[in-house]
Amino acid sequence: MKIEDLTAFVAVIRLQSTRLAADELGLTQPAITRRVQNFEESLGIALLNRQTKPLKPTLMGNRVYQQCRHILREVDALTDLVAADSPPSGLLRLAVPQSLSESSLLPALKKLSSQFPEIQPRLSSGWGEELLLRVQSQELEAAVVLFPLSKQFPEGVENQPLGAVDLVVVGPKDPQALPQRLEDCYQRGWILNPQGCGFRAALQRALTEQGLPLLINLEAFGTTLQLSLIAEGRGLGLMPRALVEHHALRDQLELYALKDFAPRSQLWLIYPNVPASQIPAIDAFAAAIAEGLDLADVHKPSTC
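Parameters and conventions
Residues numbered from 1 in each chain as written. Predicted model: local features only at pLDDT ≥ 70, side-chain atom pairs only at ≥ 80, totals over all residues. Heavy atoms only, no water. Helix = DSSP H or I, 4+ residues; strand = E, 2+ residues; numbered from the N terminus. Rg over C-alpha atoms; globule rule 2.2 N^0.38 Å. Buried < 20%, exposed > 50% of the residue type's maximum accessible area, 1.4 Å probe, protein only. Areas by Shrake-Rupley, 256 points an atom, 1.4 Å probe, with all protein chains shown as cover. Lys, Arg positive; Asp, Glu negative; His and termini not counted. Charge placed at Lys NZ, Arg CZ, Asp CG, Glu CD. 1 Å grid on protein atoms, 1.4 Å probe; cavity = no way out; pocket = protein on both sides within 12 Å on 5 of 7 lines; lining within 4 Å. Points joined across faces, edges and corners; volume = space filled by probe spheres on them. Nonpolar A, V, L, I, M, F, W, Y, C, P; charged D, E, K, R; others polar. Axes fitted to C-alpha atoms, helices over the stretch in contact; angles between N-to-C directions. Parallel < 35°, antiparallel > 145°, perpendicular 65-115°, else oblique. Contact = heavy atoms within 4.5 Å. Pairing = 2+ DSSP bridges. Patch = residues over 30% accessible without salt bridge, like charges linked within 9 Å, V, L, I, M, F, W, Y side chains within 5 Å. Salt bridge = Lys/Arg side-chain N within 4 Å of Asp/Glu carboxyl O. Expected span 1.5 Å × (residues − 1). Left-handed = near helix turned anticlockwise from the far one by under 90°.

*Asks:* Is there a simple way to think about the overall build of the chain in this case?
*Replies:* For the chain, the count of helices and strands is ten helices and eleven strands. Compactness check: the chain gives a C-alpha radius of gyration of 25 Å against a globular reference of 19 Å for 304 residues, more than 25% above the reference. Judged by the C-alpha coordinates and their principal axes, the chain covers about 85 × 45 × 30 Å. Here the chain holds 304 residues, and 45% of them are scored as buried. Surface accessibility of the chain: about 15900 Å² in total, with carbon and sulfur atoms responsible for 50%. Of the charged side chains in the chain, 28 are positive and 33 negative; the average position of the first set lies 5 Å away from that of the second.

Structure representation (structure tokens):
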């Protein structure tokens with residue numbers, strides 16, 4: 001019984017196709033078929049119902065499949081144990097929320113390059129649900145995302161809370177009395193990220209609960225562009241407090257402490273099953289993002 005035969009069998013069952021299994025493992029279909037047949041012969045039992053399309057396991061085949069998954073996880077853990085002493089190296093695909101990309105990507109890149117020169121980081125951004133799907137499909141080694149604290153992550157996605165992120169309504173510097181409630185400021189219109197942004201969704205929910213419309217003056221990407229437009233009096237914004245407090249335009253902006261709207265989000269580090277040797281680099285990446293949001297004291301390195 002060989003590990004490569006188990007791996008081929010698991011891939012065929014999971015993907016329900018010898019062709020897809022061959023593509024994933026970088027083999028030919030005949031090679032996949034031979035490995036599955038070798039595995040069946042070593043056990044002395046047929047594991048696949050070859051009369052069905054797509055391929056389905058027999059009753060015993062399904063039980064063997066579950067056991068094989070456990071065995072392969074243990075083999076991966078053993079490999080990781082040996083690799084854990086090696087410094088992180090190679091390609092590392094990482095991502096941050098679109099709303100944090102302008103402020104976070106460059107510091108994270110500098111930190112990774114400084115601490116782990118053998119790592120080849122490939123950084124990208126996107127909305128939370130999109131990044132979660134990319135982690136699930138293992139298109140990313142890790143992502144930092146913004147979701148509610150109550151977020152339930154799917155099986156197979158490791159998740160670690162990094163700290164709460166306070167959101168704040170931002171307006172231009174104005175000597176007039178500051179608004180106290182959401183209804184006092186909604187008519188001024190908003191400068192927000194396009195659809196898909198969790199901040200925008202939180203504002204939409206709050207306005208809907210009060211029977212108020214969401215008036216969009218401008219849709220714009222990027223913290224600096226949004227704050228510049230807000231400082232000119234073109235509308236209000238909603239973004240993490242720390243990004244505004246540390247921004248060069250801070251003196252031209254007002255932060256509104258509304259009595260009925262003080263949203264918070266949670267910063268999460270998420271990743272699939274990755275080699276233990278990559279964890280230090282992933283932790284450094286998460287720490288760089290958290291530091292930019294004043295969450296450095298909250299972040300604790302992950303363990304394996």
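And the narrative resumes.
*Asks:* Would you mind going over the layout of surface pockets with me for this structure?
*Replies:* Left-over empty space is what a probe sized like a water molecule reveals as it rolls over the atoms. For the largest pocket, the calculated volume is near 1300 Å³. Forming the walls of the largest pocket are 33 residues, and the residues nearest its centre are Arg69, Arg73, Asp76, Gln138 and Asn273. Here the lining of the largest pocket takes nine residues from helix H4 (residues 59-83), the largest share from any one element. Within the lining of the largest pocket, the residues separate by chemical class into 17 nonpolar, seven polar and nine charged. The volume enclosed by the second largest pocket comes to roughly 400 Å³. Along the wall of the second largest pocket there are 20 residues; nearest its centre are Leu146, Pro148, Gly198, Phe199 and Ser265. Every element with two or more residues in the lining of the second largest pocket is listed here: helix H6 (128-136), strand S5 (142-147), helix H7 (198-209) and strand S11 (264-271).

*Asks:* Explain the packing of helix H2 (residues 18-25) against helix H3 (residues 29-43) to me, please; I cannot follow it from the model alone.
*Replies:* The contact between H2 and H3 brings their axes to 8 Å, and the two run at 100 degrees. On the basis of their axis angle, the class for H2 and H3 is roughly perpendicular. Mapping the contact onto sequence places Thr18, Arg19, Ala21, Ala22 and Leu25 in H2 and Gln29, Ile32 and Thr33 in H3. A class-by-class count of the residues in the contact of H2 with H3 yields four nonpolar, three polar and one charged.

*Asks:* Would you mind showing me how to read the side chain of Ser99 here?
*Replies:* Along the polypeptide, Ser99 turns up in the loop between strand S3 (90-97) and helix H5 (101-115). Aside from chain neighbours lying at most four places away, what touches Ser99 is Trp127, Leu146, Asn193, Phe199, Thr223 and Leu243.

*Asks:* Hey, could you run me through the pairing of strand S6 (residues 158-172) in this one?
*Replies:* Here eight bridges tie S6 to S11, and the two strands are oriented antiparallel to one another. Note on S11: the bridge partner recorded for Asn159 is Ile270. In the sheet, S6 pairs with strand S9 (residues 237-240) via four bridges, with the strands oriented antiparallel. Its bridge partner lying in S9, Val170 is registered against Gly237. Judged from the four bridges that link them, S6 and strand S10 (residues 253-256) form a sheet pairing that is antiparallel. Opposite Val169, over in S10, you have Tyr256 as the bridge partner.

*Asks:* Is there a simple way to explain a nonpolar patch on the surface in this structure?
*Replies:* There is a patch of nonpolar side chains on the surface, built from Met1, Leu43, Ile45 and Met60 and spanning about 370 Å² of accessible area. Within the secondary structure layout, Met1 lies in the segment before helix H1 (3-15).

*Asks:* Explanation requested: H3 in the structure shown.
*Replies:* One turn of the α-helix equals 3.6 residues, which is why residues spaced by three or four share an orientation. For H3, which comprises 15 residues, the first-to-last C-alpha distance of 22 Å matches the rise-based estimate of 21 Å (1.5 Å per residue) to within 8%. Gly44 lies just past H3 and shows a positive phi near 75 degrees.

*Asks:* Is there a simple way to explain the packing of H1 against H2 in this structure?
*Replies:* The packing of two helices is summarised by the inter-axis angle and the distance between the axes. Contact geometry for H1 and H2: axes closest at 8 Å, N-to-C directions at 125 degrees. With respect to their mutual orientation, H1 and H2 come out oblique. Two packed elements cross with a definite hand, and for H1 against H2 that hand is right-handed. Contacts between H1 and H2 involve Thr7, Ala8, Ala11, Val12, Arg14 and Leu15 on the former and, on the latter, Thr18, Leu20, Ala21, Glu24 and Leu25. Of the residues assigned to the contact of H1 with H2, the class counts are seven nonpolar, two polar and two charged.

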